[in-house]
There are 2 protein chains.
Amino acid sequence: MDKPTGSSTRERIKEAARRIFVQRGMAGTRMQEIADAAGINKAMLHYYFRSKEQLFELIFMEAIQEMFPKIEKELMADRPIREKLYAFMKAYITQLRKHPYIPLFVLHEMNSGGPQFLEKIQKLEAAEHGRSPKQVLGRLFREMRKAQKEGELPPYPIRHLWTNIIALCVFPFLAKPMLQLLLKMDNRAFDAFLDERIELASTFLNMALTNTKHQ
Amino acid sequence: MDKPTGSSTRERIKEAARRIFVQRGMAGTRMQEIADAAGINKAMLHYYFRSKEQLFELIFMEAIQEMFPKIEKELMADRPIREKLYAFMKAYITQLRKHPYIPLFVLHEMNSGGPQFLEKIQKLEAAEHGRSPKQVLGRLFREMRKAQKEGELPPYPIRHLWTNIIALCVFPFLAKPMLQLLLKMDNRAFDAFLDERIELASTFLNMALTNTKHQ
DNA sequence: GTCTATAATTTGATAGAC
DNA sequence: GTCTATCAAATTATAGAC
């Protein structure tokens, strides 16, 4: 609705589109609503971006990059594996805190969009510069296996351990409405809850990895 | 109660609708696609269910009940708290295994549907017979607090502990496409992965709750 | 670049024959 | 109960003036 004078029309559209797409999904989004939110006319959307699909793809690809965040720094650091995992979790949750609706959006679209859609993501990933998430993960997994042999990590399947780590970070952002309902939290309380998790998620992993080497 | 021909068609429609709605969401679903999947005409959908919205609401409410599953039995049992939690996780994952797409569907609709939508859910919950999920959870939380005082559980915030438990169970079902991409699993491998989690999710909780009483 | 007006298409819903 | 044909509304996209 408002027109911040500092930002370009194109950028205002993108911001509005991100907000609406992320909340309602591709299918649930109306171009009119984006136009209203951007404070411009519907025709302008097609002037700057050819079609709804093209605008969506732009927003979605940027969202994907929010999902695989700047974790590289934490995961490539030269530190003991467990410290590294704790640091990653804190950094990841802090990152998600800034874009809390991205995970559900990405997962829903990855799920409801066809296999054709998934191919597009893989192609993007392959074309990426620098280290891809898959590469970073491959290296991390090798390090974790080594740590297991040396008794630094318990003999728990790596893929499941990693899944657990991501689950502890991401799940509260996916399940916000359900958690608010069941745990009786208003928006204010839920914000505080998410802040607490920055520490408590990695604390839980620490509990699981401590004193279990002997199992 | 049963009209052989009538209820058969009605049931076929419901099955088709469930499949399509759950995959594409309310907004992404076309009545035509449901009709095709059910092998009948579009007009029949409106004959048996007044509107798309009404058909959706039926499917969604049944899905909600799949999300809050028959956990009551496990959680109300008279057993040590930790055993009870492990049994719950196994039962819950086994349950989710039968309806793997329900969680993402429910969470997406809870998120994209307005607050008006959430009220409807609360009303349904309140009108429920027997013990509601909230009641079961309230009782469980009291038991967990008591167990903490007695040193049976570590002094970790209950709401976060419960969130972690649900996260470990549900997350793989929410993130299937992402996990398949990152961990390079085809559908067959992912099925095996989910089967493994029936044990490994509760194993992880066990690791976290063991040898941490003294903290 | 931005707008108004309108075309073109999709889609939920209904009417009416059988 | 089931179908065909069709309507009415919503929605994406474009044309053309300024």
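Residues numbered from 1 in each chain as written. Chains lettered and ligands numbered in written order. Predicted model: local features only at pLDDT ≥ 70, side-chain atom pairs only at ≥ 80, totals over all residues. Heavy atoms only, no water.

S.K.: When you look at the relation of the copies chain B and chain A in this model, what are you seeing that I'm missing?
M.R.: Note on the identical chains: chain B maps onto chain A by a rotation of 180° and an axial translation of 0.0 Å, with an RMSD of 0.1 Å. Both chain copies can therefore be described as sitting about a two-fold axis. When each C-alpha of chain B is compared by its distance to the rotation axis, Ala208 of chain B comes out closest, at 1.8 Å. A share of 100% of the interface residues of chain B reappears at the interface of chain A, consistent with the copies meeting face to face through the same patch. (Least-squares fit on C-alpha atoms with pLDDT ≥ 70 in both. Contact = heavy atoms within 4.5 Å.)

S.K.: Before we go on, may I ask you to explain the packing of helix H1 (residues 9-28) of chain A against helix H4 (residues 52-67) of chain A in this structure?
M.R.: Relative orientation and spacing of two packed helices are given, respectively, by the angle between their axes and the distance between those axes. Residues and elements named next belong to chain A. Where H1 contacts H4, the axes come no closer than 10 Å and their chain directions differ by 95°. Taken together, the axes of H1 and H4 lie roughly perpendicular to each other. Where H1 approaches H4, its residues Lys14, Ala17, Arg18, Phe21, Met26 and Ala27 are matched on the opposing element by Lys52, Glu53, Leu55, Phe56, Leu58, Ile59 and Glu62. Looking at the contact of H1 with H4, its residues break down into 8 nonpolar, no polar and 5 charged. (Axes fitted to C-alpha atoms, helices over the stretch in contact; angles between N-to-C directions. Helix = DSSP H or I, 4+ residues; strand = E, 2+ residues; numbered from the N terminus. Parallel < 35°, antiparallel > 145°, perpendicular 65-115°, else oblique. Nonpolar A, V, L, I, M, F, W, Y, C, P; charged D, E, K, R; others polar.)

S.K.: Please explain the domain arrangement of chain A as it appears in this structure.
M.R.: Many authors give the size of an interface as the accessible area that is lost as the parts come together. Residue and element names in this part refer to chain A. We note that the domain assignment places domain 1 (9-59) and domain 2 (68-209) within chain A. Domain 1 and domain 2 are separated by 29 Å when their C-alpha centres are compared. Across the boundary between the two partners, domain 1 contributes 6 residues, which contact 6 residues of domain 2. In this assembly, domain 1 packs against domain 2 so that about 550 Å² is buried in total across both faces, 73% of it on carbon and sulfur atoms. Summed over the three residues of domain 1 that lose the most area to domain 2, namely Val22, Phe56 and Glu57, the buried surface amounts to 70% of that side. Here domain 1 is connected to domain 2 by 1 salt bridge. Across the salt bridge formed by Lys120 and Glu57, the nearest N and O atoms sit 3.0 Å from each other. At the junction of domain 1 and domain 2, the tally comes to 2 residue pairs in polar contact (both at pLDDT 80 or more). Contributions of two or more residues to the side of domain 1 that touches domain 2 are made by H1 and H4. Among the elements that line the side of domain 1 that touches domain 2, the one with the most residues is H1, at 4 residues. (Domains from an automatic or database assignment. Buried area = accessible area lost by both parts, 1.4 Å probe. Salt bridge = Lys/Arg side-chain N within 4 Å of Asp/Glu carboxyl O. Polar contact = N/O pair within 3.5 Å; in protein donor to acceptor, adjacent residues only side chain to side chain.)

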